[in-house]
Amino acid sequence: MFKVSDLRFKYPGNKEDTIKGISFGFDKGEIFGFLGPSGMGKSTTQKLLTRILKNYGGEIIYRGKDLKSYDKSIFKDVGVGFEMPVLFTKLTAMENLKFYRDLYPKGAKIKPILERLGLWEDRNKRVAAFSKGMKSRLNFARALINDPEILFLDEPTSGLDPTNARIVKDMISGFRENGGTVFLTTHLMHDVDELCDRVAFIADGEIREISSPKNLKLRYGKREIRLEYREGERLEKAVFDMDTLKENENFFKLLRGKDLVTIHSGETTLDEIFIKVTGVKSDE
Ligand SMILES: Nc1ncnc2c1ncn2[C@@H]1O[C@H](COP(=O)(O)OP(=O)(O)O)[C@@H](O)[C@H]1O
Ligand SMILES: [Mg+2]
């Protein structure tokens, strides 16, 4: 669907490139996670792929052709959720969505989208009276309004409570199940674990890793079992190699003879991988 080669970009007036020669691609039907700490170039990359920013170096190929060779009709296939909601605050939710829908040849039905996002009752309220979470949800609805084939979502669950984040994530999964493709920018590893087929980690304008979350967890994890058990008043720890576990008599002795407190395998989490790969904690 998209193939990006040696993409470079510098904001006018900046000294250094913000994007320093990155290459990646994603296919139809995939949720591709674009991950990294704040300020590392995620939103910039999304803006380059959606042609909001131009004058880049390198190449972006969309459906086999240079992105630059397309006219505006390309936008009918693309839904974009910007990091900052792009809404008219003096208009109601319904007026906003109708305005955007009328810009496209083909439109989605507004009612089911607003109902699912819990905004149908508030459809005739001005957006100025909306809470941050309501604006985020309406911003997500706006991305779906032209019934797109590809969604670009920049931090779609940020500012949402867990219930609404759940609804948005289910809608993203549902979009993919119906054949849609998603480019998902986020720093929330929990969302990535649930949604993404493959991920790229970006830091300092460079791609540090590209793989599936499962492969990364295996590759960065340790094949070991960690136990904590009681020894009288004391808490003791033991670590066993997973590959030789079935022949390890000490392991079975411990299991049979001691009172266990905890038992864990050493597979790592995406949060830990995020820190290792980017050098920054994922909630910063
Ligand atoms: N309009 C702009 N002009 C100059 N620099 C910018 C502009 N927008 C973003 N930047 C800089 O580019 C870098 C990457 O920003 P961004 O792509 O928004 O990061 P992320 O989405 O990963 O948080 C940051 O250092 C930011 O300050
Ligand atoms: Mg951003």
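Small disclaimer: the values here were computed from a predicted structure and weren't measured.

## Topic: helix α5 (residues 162-177)
Residues that lie three or four places apart on an α-helix share one face, since the helix turns once every 3.6 residues.
Here is step 1 of the chain: For α5, spanning 16 residues, the distance from its first C-alpha to its last is 22 Å, which sits close to the expected 22 Å at 1.5 Å a residue.
Here is step 2 of the chain: Burial in α5 covers these residues: V168, I172 and F175. For α5, the arc enclosing every buried residue in end-on projection is 60 degrees, short of the 170-degree limit, so these residues lie on one face. Across α5 from its buried face, at more than 90 degrees, point the exposed residues P162, T163, G174 and E177.

## Regarding the packing of helix α7 (residues 213-220) against helix α9 (residues 270-278)
Here is step 1 of the chain: For the pair α7 and α9, interaxial distance at closest approach is 10 Å and the crossing angle is 70 degrees. Taken together, the axes of α7 and α9 lie roughly perpendicular to each other. The segment α7 lies against α9, with P213, L216 and Y220 engaging L270, E272, I273 and K276.
Here is step 2 of the chain: Classifying every residue of the contact of α7 with α9 gives 5 nonpolar, no polar and 2 charged.

## So, the site of ligand 1
Here is step 1 of the chain: The local shell around ligand 1 consists of Y11, N14, T18, G36, S38, G39, M40, G41, K42, S43 and T44.
Here is step 2 of the chain: Class assignment of the residues belonging to the shell around ligand 1 gives a composition of 2 nonpolar, 8 polar and 1 charged.

Definitions and limits used
- Residues numbered from 1 in each chain as written.
- Chains lettered and ligands numbered in written order.
- Predicted model: local features only at pLDDT ≥ 70, side-chain atom pairs only at ≥ 80, totals over all residues.
- Helix = DSSP H or I, 4+ residues; strand = E, 2+ residues; numbered from the N terminus.
- Expected span 1.5 Å × (residues − 1).
- Buried ≥ 20, exposed ≤ 12 C-beta atoms within 10 Å, placed from the backbone.
- Arc of directions from axis to C-beta.
- Axes fitted to C-alpha atoms, helices over the stretch in contact; angles between N-to-C directions.
- Parallel < 35°, antiparallel > 145°, perpendicular 65-115°, else oblique.
- Contact = placed C-beta atoms within 7 Å.
- Nonpolar A, V, L, I, M, F, W, Y, C, P; charged D, E, K, R; others polar.
- Near = placed C-beta within 6 Å.

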